[in-house]
Amino acid sequence: DVAEAFLRNDSIENLIKITCKVLDCERCSLFLYDKMSDMLITQGAEGLGKEGIKVPKDKGIVGVVFTKKEKMKIDDAYSDYRFNMEIDKETNYTTKNLLCFPLYDNMTSEVFGVLQAINKKTRHFNCDDEELIKYFSKQACALIKSRNTNNEALRKQERLQIIIRFMVNLFTLDDEVKFSKALNELLLKL
């Protein structure tokens, strides 16, 4: 059940599995942009195994979807000059057709990733598949935003605990040197 999958901790992986099944394709991948490396990195992939994929943000079909902020449907990957064949070589896989949709931050309209479906099992991806991947992309955005919000809340909670411990210890400090040292330690932790 889709709703149950979203509630589990591995909700991104479940969403990708469901997307793959509903779109009737061999593989699905979720790429998120990593600012530190300036790369798109898989955060989950159905049919890929544990090895992840990293691609420059402007390379391959995924890179085009990310930079142009537009969906793409490619019926013959190897005939499209934008297709990055290096990934197929690295993964020992042959991409025939694919469908990609950008992941948007609703607040800023900024693209932060791409949802990709590869190799429709029956012919090519169609208009119905485009609507479905759009739906699943919105679900992925909501899951990622929820995960990021939870991570931020945990960081804030940890900071608050550090401050509370400092305040409790404040009453045990009997001179300015100890207080100054404790305050510096607090600032370093925060």
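Residues numbered from 1 in each chain as written. Predicted model: local features only at pLDDT ≥ 70, side-chain atom pairs only at ≥ 80, totals over all residues. Heavy atoms only, no water.

1. With respect to the side chain of threonine 95
- The residue threonine 95 is located in the loop between helix H4 (85-91) and strand E5 (98-104) in this model.
- You can call threonine 95 buried: its relative accessible area is 4%.
- Setting aside anything within four residues of it in sequence, one finds threonine 95 in contact with Ala77, Tyr78, Phe83, Asp88, Ile118 and Asn119. (Helix = DSSP H or I, 4+ residues; strand = E, 2+ residues; numbered from the N terminus. Buried < 20%, exposed > 50% of the residue type's maximum accessible area, 1.4 Å probe, protein only. Contact = heavy atoms within 4.5 Å.)

2. Quick notes on the pattern of salt bridges
- This structure, assessed with the given rule, holds 6 salt bridges.
- A salt bridge links lysine 71 to glutamate 130; the shortest N-O distance between them is 3.0 Å. With lysine 71 in the loop between helix H3 (60-68) and strand E4 (72-74) and glutamate 130 in helix H5 (residues 127-170), this residue pair connects regions lying 59 residues apart in the sequence.
- A residue is classified by how much of its surface remains accessible, and lysine 71, at 42% relative accessible area, is partly exposed.
- Here lysine 73 ties to aspartate 75 by a salt bridge, and the two come within 3.4 Å at their closest N and O atoms.
- The class for lysine 73 is partly exposed, based on a relative accessible area of 33%. (Salt bridge = Lys/Arg side-chain N within 4 Å of Asp/Glu carboxyl O.)

3. Quick look at the nonpolar core
- In terms of nonpolar packing, the biggest core is built from 23 residues, with Cys25, Leu30, Leu103, Ala117, Ile133 and Ile144 touching the most fellow members.
- Ile53, Val65, Ile74 and Leu98 belong to the second largest nonpolar core, which has 20 residues in total. (Core = buried A, V, L, I, M, F, W, Y, C linked by side-chain atoms within 4.5 Å.)

4. Side note on the pairing of E5
- Among the 7 residues in E5, 6 count as buried, and that is most of the element.
- When E4 meets E5, the two strands line up antiparallel, connected through 3 bridges. Looking across to E5, one finds that methionine 72 is bridged to cysteine 100.
- Of the pairings in the sheet, the one linking E5 to strand E6 (residues 111-120) comprises 7 bridges and is antiparallel in character. Residue phenylalanine 101 lies in a different strand from E6, and its bridge partner there is leucine 115. (Pairing = 2+ DSSP bridges.)

5. Considering empty space enclosed by the protein
- The full count for this structure, using the stated rule, is 1 cavity of 30 Å³ or more.
- Considering only enclosed or pocket space, the largest cavity measures out at about 250 Å³ in volume.
- Around the largest cavity sit 20 residues that line it, and Phe31, Phe83, Ile87, Gln116 and Ile118 are the ones nearest its centre.
- Looking at the lining of the largest cavity residue by residue, the class counts come to 11 nonpolar, 6 polar and 3 charged. (1 Å grid on protein atoms, 1.4 Å probe; cavity = no way out; pocket = protein on both sides within 12 Å on 5 of 7 lines; lining within 4 Å. Points joined across faces, edges and corners; volume = space filled by probe spheres on them. Nonpolar A, V, L, I, M, F, W, Y, C, P; charged D, E, K, R; others polar.)

6. A closer look at a nonpolar patch on the surface
- On the surface, a nonpolar cluster with roughly 250 Å² of combined accessible area is contributed by Phe179, Leu183 and Leu187.
- Position of leucine 183 among the secondary structure elements: in helix H6 (residues 176-189). (Patch = residues over 30% accessible without salt bridge, like charges linked within 9 Å, V, L, I, M, F, W, Y side chains within 5 Å. Areas by Shrake-Rupley, 256 points an atom, 1.4 Å probe, with all protein chains shown as cover.)

7. Concerning the confidence of the model for the chain
- In the predicted model, the chain carries a mean pLDDT of 82, and the fraction of residues at 70 or more is 84%.
- Mean pLDDT values over the elements of the chain span from 39, in helix H1 (residues 2-7), up to 96, in E4.
- Note that residues 1-9 has pLDDT below 50 and, in this model, 9 contacts with residues that lie over four places away or in other chains. (pLDDT = per-residue confidence, 0-100.)

8. Comments concerning the environment of glutamate 130
- By relative accessible area, glutamate 130 is classed as buried at 13%.
- Separated by 29 residues in the primary sequence, glutamate 130 and phenylalanine 101 have C-alpha atoms spaced 8.3 Å apart.
- Contact partners of glutamate 130, with chain neighbours within four places excluded, come to Lys71, Lys73 and Leu99.

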